[in-house]
Protein chains: 2
Amino acid sequence: MEPGRRGSLALLTDLYQFSMAYGYWRAGRQREPAEFELFFRRCPCQGGFALSAGLGECLAFLRGFRLREPEIEYLQSVLPSTTEKAFFDYLRTVDASEVTVSSAPEGSVVFATVPLLQVKGPLLVVQLLETTLLCLVNYASLVATNAARFRMLAGPDKKLLELGLRRAQGPDGGLSASKYSYIGGFDWTSNVLAGKLYGVPVRGTMAHSYVMSFTSLMEVQPRTLKPLDGDEPVDFLPLAELWLQRVCQTLRVPHDRVNHGELAAFVSYAIAFPHNFQGLVDTYSIMGTGIPNFCAVALALNQLGYRVAGIRVDSGDLGKQAREIRQVLRTCSANFQVPWFATIPIAVSNDISERSLEELMQEGNEIDMIGIGTNLVTCPLQPSLGCVYKLVKVNGCPKLKLTEDEEKMTIPGSKVVYRLYDATGLAFMDLMALEEEPPARAGQEVAVRLLGRSEEARRVTPMAVEILHRTYFKDGQVCQALPSLLEVKSHAQASLSLLSPAHKRLQDPEPYQVAVTEKLHFLLSDLRRSSR
Amino acid sequence: MEPGRRGSLALLTDLYQFSMAYGYWRAGRQREPAEFELFFRRCPCQGGFALSAGLGECLAFLRGFRLREPEIEYLQSVLPSTTEKAFFDYLRTVDASEVTVSSAPEGSVVFATVPLLQVKGPLLVVQLLETTLLCLVNYASLVATNAARFRMLAGPDKKLLELGLRRAQGPDGGLSASKYSYIGGFDWTSNVLAGKLYGVPVRGTMAHSYVMSFTSLMEVQPRTLKPLDGDEPVDFLPLAELWLQRVCQTLRVPHDRVNHGELAAFVSYAIAFPHNFQGLVDTYSIMGTGIPNFCAVALALNQLGYRVAGIRVDSGDLGKQAREIRQVLRTCSANFQVPWFATIPIAVSNDISERSLEELMQEGNEIDMIGIGTNLVTCPLQPSLGCVYKLVKVNGCPKLKLTEDEEKMTIPGSKVVYRLYDATGLAFMDLMALEEEPPARAGQEVAVRLLGRSEEARRVTPMAVEILHRTYFKDGQVCQALPSLLEVKSHAQASLSLLSPAHKRLQDPEPYQVAVTEKLHFLLSDLRRSSR
């Protein structure tokens, strides 16, 4: 991976896009007006919703979309030798200046079949955009959704730290995971570059290797620390050793079994970061050495006027350990009369999944911060969102894919999507209408057909109506002020708050209603009949 | 995603690496000689092996490893304000010039606990490398392994096409998937940029949107095609229509039910790519319209001297459909006396997984090419390889992580890894020895202890011995000629061929033996005792 190795993303696509582009060009159809929709067919992880994400990156891609000379040369080398030279001359002129993109605002709650993006423009160009747009939306939306699920499980108060970089699909996989987990509801990332590039708050403490790298107290260097309110440096090591004796007595832990390398590591770290000391207590035995050493250093810091930042556990039964650790902290708090000691934040991590987090939360735990890596960034419950990009109109004609596989069908035509709200302010239906239809209005009854059900039309009266999509890209330019990452994150939580808990349940949610107007329903039926 | 947005990868790491670096620096330990090993603890996907991959990218990262001014400034903004200024001055001087990296050659078969990489150098620097190296090795090795598993299932003759770009973790995820699937045994990728950057052969045909974009035969333009051995262009459309009548008669398909848009699409594509026509036959009904249209166009091409490239099916029961299609091709071959028609390659894709591929292969199918996307690039059987990077030595002292979690233990010390071969030429054991021990030799008996078993020492006599690791990076430079991607791919297949089929079984493989020498065993026992 060499930084900047990419000329542009214009070739980050499937070869068949260029084969088809040639087919269109040879048939003189390259400039026919066309429209594609990007959507998914099933909500991820057996859930009832997804968060749309990746729009910002799609817009950056569109702005820079052009084929440079080395890219054209490469294409010439891989397309059949019979491909006409003039086609490549045409490709040299291609950009996104005639492309229009509408989208749900980034971070919006979205549902199966409803387009996340609507892409209009010359047939050849919008075809070429397919794979890259899918690549930029699919993972972003998936990981944002996954993060939102973890956030719902953890409740609003726990701090959530994303730490999946080492398990992601390479550098961009890791960066995307950090960015979109934040959107979905995480507080922090461990990924420094994500902090620098996107402004996601970064956090981190120490690793086992740091603790392991110390063997004896001789290695503590420097040993002095200034009290918070004093100028005279104190030799911190004997202070910590003194506190260790008291702690061992109080906790009835054999003092001679405590690991000296670990104590040396904690003391060194505390001297380096007196305001930010967080101890990783499970390199050796947690209760036999990790916790006594931590408490000793924390109490020594307390004596100098500092408060510690927390404790971290990275293995074993996290709920049980947190309870035991909290008990020890309370004992020390009472015994040494240090009130804040009882509430030292406990951070845990150890391959936490939705299921293990759910169990942790049910146990009524003593955990304050949760670090999640692999199961957040790789989304094992559903490792791909499965968005598709389908032609819905070309040359003014609505288009339909009607295969033997019912699930792979598409909804034809240029559409407006209305989100309908009920009297309690919750969203209850996404309604797709043809562009030429009169707009849905609050308080006005409308006849709809629910997708996926063969029943008759039903009539609904929304109390409020929102048009889901906005035009974000036009005439080669981004034409909406784009929100900051923090604004996108807030929008995601706001959008989720307008969805009934029944639809947000992680398992067996009540399906959210997606419907089409009568007019769109009849168009669909007509096209089905005429295609058969 | 903006190309070239990354200054370098030096910040693509967890924040705690810098916190620990500061801890080391404050303790004056930054230049202590240290050694880390990168390894995984369990073979992926319940299998018996992995392929090591990502080395080339690790070396490129090391070569460029330096913290630039904007990166230092960012670090200053996120580390505690008490962090000394001189630390950042020190970071400005840090690079990988004193780092030595040994590795198994890229593409080698590797096993749990055995290091893929051994990284030696100043403590602070080698600590800082952890997350990035893990990020570059984990996914690369996982997807190469996954590709090798698909290749073993498919057998050596089927052509395998990687087409996962749209489902990968963003651009780099997609690029890595294409590159490392090729190493693992795939023939082609659909990802054009992977072709350009890495030389992976690219392939592609047409999408449903291409077929859907045509409505009537009026849209076919141009309509003429020169015969292969002639100068006089022929109007190709009536020729295809004529053949369609004959095909419909032969196949007893109602001629009036055949979709004209689809025929128009096929005819246009054939005129554009007369040497490379491959028809996607499942946009509408496969047997009712896709296959008749395909055969008509293929036979019309045949009349002008061209052979088609293949048929593609992207939905439904692939094995059954391939058999039915083959039957039709044979019928046409016999009926119209076109011998090659019976063997037109059939390509399939439709969310193919290990399980569905296994079923396809057991059915004795008529499939020639298989496209695999989501289940290749996201590795749903195990979405992360789970490599770790552990300290094994610092300042001359072997180090051990000895937690209450047995599985998370490490093997201490600087080690040499020998791969031992039996009389049949197959590898039967990876033996880890301390660096200072006399080398293992062919024909010489050696006492070993198998990992994960508490039994006594056993004695083995290898017929051949290979040292697994080579030094790839020294003095800031790559110090081995690096193989081409094709050479890495060949090495992977060669390395796999030296492994017994019992270890390569995809389910319930016989575990490959990983052992330590008596001397390493006793070091491990001593350290365990003294840590407890």
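Everything numeric in this text was worked out from a predicted model, so none of it was measured. (Residues numbered from 1 in each chain as written. Chains lettered and ligands numbered in written order. Predicted model: local features only at pLDDT ≥ 70, side-chain atom pairs only at ≥ 80, totals over all residues. Heavy atoms only, no water.)

## Here we look at the domain arrangement of chain A
All names here are of chain A. Under the domain assignment, chain A is made up of domain 1 (15-147 + 383-531) and domain 2 (150-377). Computed over C-alpha atoms only, the centres of domain 1 and domain 2 are separated by 44 Å. Facing 21 residues of domain 1, the contacting portion of domain 2 comprises 23 residues. Carbon and sulfur atoms supply 60% of the area that domain 1 and domain 2 bury against each other, a total of about 1,900 Å² over both sides. If you sort the residues of domain 1 by the area they bury against domain 2, A147, L485 and K489 come out on top, with a joint share of 33%. Where domain 1 packs against domain 2, one counts one salt bridge. Put simply, E57 and K179 hold a salt bridge, and the shortest N to O gap is 3.9 Å. Those elements that provide at least two residues to the side of domain 1 that touches domain 2 are α6 (130-154) and α16 (485-497). (Domains from an automatic or database assignment. Contact = heavy atoms within 4.5 Å. Buried area = accessible area lost by both parts, 1.4 Å probe. Salt bridge = Lys/Arg side-chain N within 4 Å of Asp/Glu carboxyl O. Helix = DSSP H or I, 4+ residues; strand = E, 2+ residues; numbered from the N terminus.)

## Some words on the interface of chain A and chain B
Counting residues at the interface gives 123 residues for chain A, matched by 122 residues for chain B. Across the chain A to chain B interface the summed buried area is about 10,400 Å²; carbon plus sulfur atoms make up 59%. At the boundary of chain A and chain B, one finds four salt bridges. With a closest N to O distance of 2.8 Å, R166 of chain A and D14 of chain B form a salt bridge. Ranked by residue count, the leading element in the side of chain A that touches chain B is helix α1 (residues 15-26) of chain A, at ten residues. A breakdown of the residues in the side of chain A that touches chain B according to their chemical character gives 55 nonpolar, 43 polar and 25 charged. (Nonpolar A, V, L, I, M, F, W, Y, C, P; charged D, E, K, R; others polar.)

## Notes on the packing of helix α10 (residues 236-251) of chain A against helix α11 (residues 260-272) of chain A
Residues and elements named next belong to chain A. Between α10 and α11, the least distance of the axes is 10 Å, while the angle of their chain directions is 130°. Considered as vectors, α10 and α11 are oriented oblique to each other. Seen from above, α10 lies across α11 with right-handed handedness. Contacts between α10 and α11 involve F236, L237, A240, E241 and L244 from the first element and L263, V267, A270 and I271 from the second. (Axes fitted to C-alpha atoms, helices over the stretch in contact; angles between N-to-C directions. Parallel < 35°, antiparallel > 145°, perpendicular 65-115°, else oblique. Left-handed = near helix turned anticlockwise from the far one by under 90°.)

## Some words on helix α7 (residues 170-184) of chain A
Helical geometry: 3.6 residues make up each α-helical turn, so side chains three or four residues apart lie on a common side. Residue and element names in this part refer to chain A. The end-to-end C-alpha distance of α7 is 21 Å, a good match for the 21 Å that 15 residues give at a rise of 1.5 Å each. Among the 15 residues that make up α7, 15 are buried, leaving the element largely enclosed by the rest of the structure. G185 occupies a position one or two residues after α7 and carries a positive phi of about 130°. (Expected span 1.5 Å × (residues − 1). Buried < 20%, exposed > 50% of the residue type's maximum accessible area, 1.4 Å probe, protein only.)

## Here we look at the pattern of salt bridges
A complete count under the given rule lists 46 salt bridges over all chains for this structure. Between R312 of chain B and D314 of chain B there is a salt bridge, and its shortest N-O distance comes to 3.7 Å. Comparing R312 of chain B with D314 of chain B, the two get one shared label, buried. If you follow the salt bridges from partner to partner, you end up with R326, R330, E366 and D368 of chain A in one network.

## So, the environment of M152 of chain A
All names here are of chain A. Note on placement: M152 falls in helix α6. The class of M152 is partly exposed, set by a relative accessible area of 28%. The sequence separation of M152 and G185 amounts to 33 residues, and the corresponding C-alpha distance is 8.7 Å. Ignoring sequence-local partners within four residues, the contact set of M152 consists of F49, K504 and L506.

## As for α11 of chain A
Compared with the 18 Å implied by 1.5 Å per residue over 13 residues, the 18 Å span of α11 of chain A between its first and last C-alpha is a close match. Among all positions in α11 of chain A, only G261, E262, L263, A264, A265, F266, V267, S268, Y269, A270, I271 and A272 of chain A are buried. For α11 of chain A, the elements touching its buried residues are α9 (208-212), β8 (224-225), α10, β10 (278-280) and α12 (286-303) of chain A together with α1 (15-26) of chain B. A distance of 2.9 Å separates the backbone nitrogen of G261 of chain A from a side-chain oxygen at the start of α11 of chain A, and that oxygen is part of N259 of chain A. (Polar contact = N/O pair within 3.5 Å; in protein donor to acceptor, adjacent residues only side chain to side chain.)

## With respect to the relation of the copies chain A and chain B
Mapping chain A onto chain B leaves a residual RMSD of 0.0 Å; the transformation is a rotation of 180° accompanied by 0.0 Å of translation along its axis. Here the two chains are linked by the operation of a two-fold rotation axis. Both copies present the same face, since 99% of the interface residues in chain A are matched by interface residues at the equivalent positions in chain B. (Least-squares fit on C-alpha atoms with pLDDT ≥ 70 in both.)

## Some remarks on the nonpolar core
Among soluble globular proteins, nonpolar side chains are generally buried collectively. Of all hydrophobic cores here, the largest spans 368 residues; its most connected members are F236 and F294 of chain A together with F236 and F294 of chain B. Here the element with the most residues in this core is helix α5 (residues 123-154) of chain B; it accounts for 21 residues. Leave out the neighbours within four places in its chain, and F236 of chain A touches R223, T224, L225, V267, A270, I271, V297, A300, L301 and L304 of chain A. (Core = buried A, V, L, I, M, F, W, Y, C linked by side-chain atoms within 4.5 Å.)

## Quick word on the packing of helix α3 (residues 69-78) of chain A against helix α4 (residues 85-92) of chain A
Residue and element names in this part refer to chain A. Where α3 meets α4, the closest approach of the two axes is 10 Å, and the angle between their N-to-C directions is 150°. Compared by their axis directions, α3 and α4 come out roughly antiparallel. Relative to α4, α3 is oriented so that their crossing is right-handed. Residues E69, I72, L75 and Q76 of α3 form the contact with α4, whose participating residues are K85, F88, L91 and R92. Per-class residue counts for the contact of α3 with α4 are four nonpolar, one polar and three charged.

## With respect to the sheet that holds strand β23 (residues 513-517) of chain A
Residues and elements named next belong to chain A. An order of β19-β18-β23-β17-β16-β20 is seen for the six strands of this open sheet, with the pairing classed as mixed. Each having just a single partner strand, β19 (458-460) and β20 (464-467) make up the two edges of the open sheet. When the angles between neighbouring strand axes are averaged without regard to direction, this sheet yields 40°. Bridge analysis of strand β18 (residues 446-450) against β19 gives three bridges, and the strand direction is antiparallel. Its bridge partner being in β19, V448 is matched across the sheet by R458. (Pairing = 2+ DSSP bridges.)

## With respect to empty space enclosed by the protein
Taking a probe equal in size to a water molecule and rolling it over the atoms shows the remaining empty space. If you walk through the whole model with that rule in mind, you get seven cavities of 30 Å³ or more. Estimated volume of the largest cavity: approximately 90 Å³. Lining the largest cavity are 15 residues, with Q169 and T378 of chain A together with Q169, T378 and P383 of chain B positioned closest to its centre. Top contributing element to the lining of the largest cavity by residue count: α5 of chain B, with three residues. Partitioning the lining of the largest cavity into residue classes produces seven nonpolar, six polar and two charged. (1 Å grid on protein atoms, 1.4 Å probe; cavity = no way out; pocket = protein on both sides within 12 Å on 5 of 7 lines; lining within 4 Å. Points joined across faces, edges and corners; volume = space filled by probe spheres on them.)

## Digging into the packing of aromatic side chains
Residues and elements named next belong to chain B. Using the criterion set out here, one finds 36 aromatic pairs over all chains in the structure. Where F277 meets F294, the ring centres are 5.7 Å apart and the plane angle is 15°; that geometry is what we call stacked. A residue pair is termed long-range when its members are at least 10 positions apart, and F277 in the loop between α10 (260-272) and β10 (278-280) and F294 in helix α11 (residues 286-303) qualify at 17 residues. Residue classification places F277 among the buried positions, given a relative accessible area of 0%. Positioned above the aromatic ring of W243 is the side chain of R246, whose terminal nitrogen or guanidinium carbon lies 4.4 Å from the ring centre. (Phe/Tyr/Trp six-rings, centres within 6.5 Å; stacked < 30°, edge-to-face > 60°. Lys NZ or Arg CZ within 6 Å of the ring centre and 35° of its normal.)

## Notes on unusual backbone geometry
Of note, the amide linkage connecting Q221 of chain A to P222 of chain A takes the cis form, showing an omega dihedral of -5°. Among the secondary structure elements, P222 of chain A is positioned in the loop between α9 and β8. Positioned with a positive phi, C45 of chain A is a non-glycine residue whose angle comes to about 60°. Of note, the phi angle at D508 of chain B is positive, near 45°, even though the residue is not glycine. Here D508 of chain B shows up in the loop between α16 (501-504) and β23 (513-517).

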